[in-house]
Amino acid sequence: MGTSGGTRLVLGHWPRSPFGPLSDVMLERADGERLLLAPTPETAEFIRRTYTYDAVRVTPVRVSVAGDLWEVSAGPLDLRFRVGRRGPLGLLLRTVPGPLAARPAWCALTDVPVRFLLTGVRTRGSAGGGRREWYGARDLRPVTALSGTFDGTDLGTLAPVSPPVRFGFGSVPRDPALTRITTTIELGAGEDSVK
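Quick summary incoming for the structure in this document. Treat the numbers as computed from the prediction; the structure is a model and nothing was measured. (Residues numbered from 1 in each chain as written. Predicted model: local features only at pLDDT ≥ 70, side-chain atom pairs only at ≥ 80, totals over all residues. Heavy atoms only, no water.)

A look at the pairing of strand E10 (residues 132-150)
One ladder, built from seven bridges, connects strand E8 (residues 77-83) with E10; its direction is antiparallel. Within E10, the position partnered with Asp 78 by the bridge is Thr 149. In the sheet, strand E9 (residues 124-126) pairs with E10 via three bridges, with the strands oriented antiparallel. By the bridge assignment for E10, Ser 126 is matched with Arg 132. In this antiparallel pair of consecutive strands, E9 and E10, the connection spans five residues, and Gly 129 shows a positive phi of 65 degrees. By the bridge criterion, two bridges tie E10 to strand E11 (residues 153-154) in an arrangement that is antiparallel. (Pairing = 2+ DSSP bridges. Helix = DSSP H or I, 4+ residues; strand = E, 2+ residues; numbered from the N terminus.)

Here is the structure:
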């Protein structure tokens, strides 16, 4: 999501992960500072080794969902946003089976059309620490409204994600969206596997 104040946010809300259920927030401020808000030192370190940040804060990240309304509390961040009805691309993505979305070959196949349809978005690439990463999208809904504060300062209203975020090898859709993805991360040489 983008904001009229210039902050761009990426919320990760993972019902299942090698660390159990977790949520994290990646923010890029108007001045270009990239910040990770993560719930534990272990998850902060794993995410930090995959993406690029100027600062990392370990803080509880709480997410509640009531219908189309999402509320996020993460240390200095209080955020509320609403999602709308899925469009044609979201309907198409809902037909992708979960096991297929998890296959790196599928993500490689979809990378070219995704680059054409959603400027700046990538479904595969090199991550930090020699890691490789694949994203298999399974749903897409527009974010229709946003309000919140960061360190007590109003974030403004919903805006395009512009300029693109710079955490990893690609950005997110320019139009604010809620995307359901399956993320696959291949660890770098010499790294222990994540259980």
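As for the pattern of salt bridges
Proximity of charged atoms lets side chains of opposite charge pair with each other. Summed over all chains, the structure comprises eleven salt bridges. The residue Arg 8 makes a salt bridge to Glu 28 at a minimum N-O spacing of 3.3 Å. Placement of the pair is Arg 8 in strand E2 (residues 8-14) and Glu 28 in strand E3 (residues 22-28), with a sequence separation of 20 residues. Overall, the relative accessible area of 4% leaves Arg 8 in the buried class. Overall, the relative accessible area of 2% leaves Glu 28 in the buried class. Between Arg 57 and Asp 151 there is a salt bridge, and its shortest N-O distance comes to 4.0 Å. Pair noted here: Arg 57 is in strand E5 (residues 55-58) and Asp 151 is in the loop between E10 and E11, with a separation of 94 residues, a long-range link. Judged by its relative accessible area of 36%, Arg 57 falls in the partly exposed class. The structure contains a network of salt bridges with shared partners spanning Arg 8, Glu 28 and Arg 166. (Salt bridge = Lys/Arg side-chain N within 4 Å of Asp/Glu carboxyl O. Buried < 20%, exposed > 50% of the residue type's maximum accessible area, 1.4 Å probe, protein only.)

A look at unusual backbone geometry
Glycine aside, residues mostly have negative phi angles, and peptide bonds mostly take the trans form. Cis geometry is found at the peptide bond from Ser 162 to Pro 163, where omega equals 0 degrees. Along the chain, Pro 163 turns up in the loop between strand E12 (158-159) and strand E13 (177-186). The phi torsion at Asp 151 lies on the positive side, around 50 degrees, for a residue other than glycine. Overall, the relative accessible area of 49% leaves Asp 151 in the partly exposed class.

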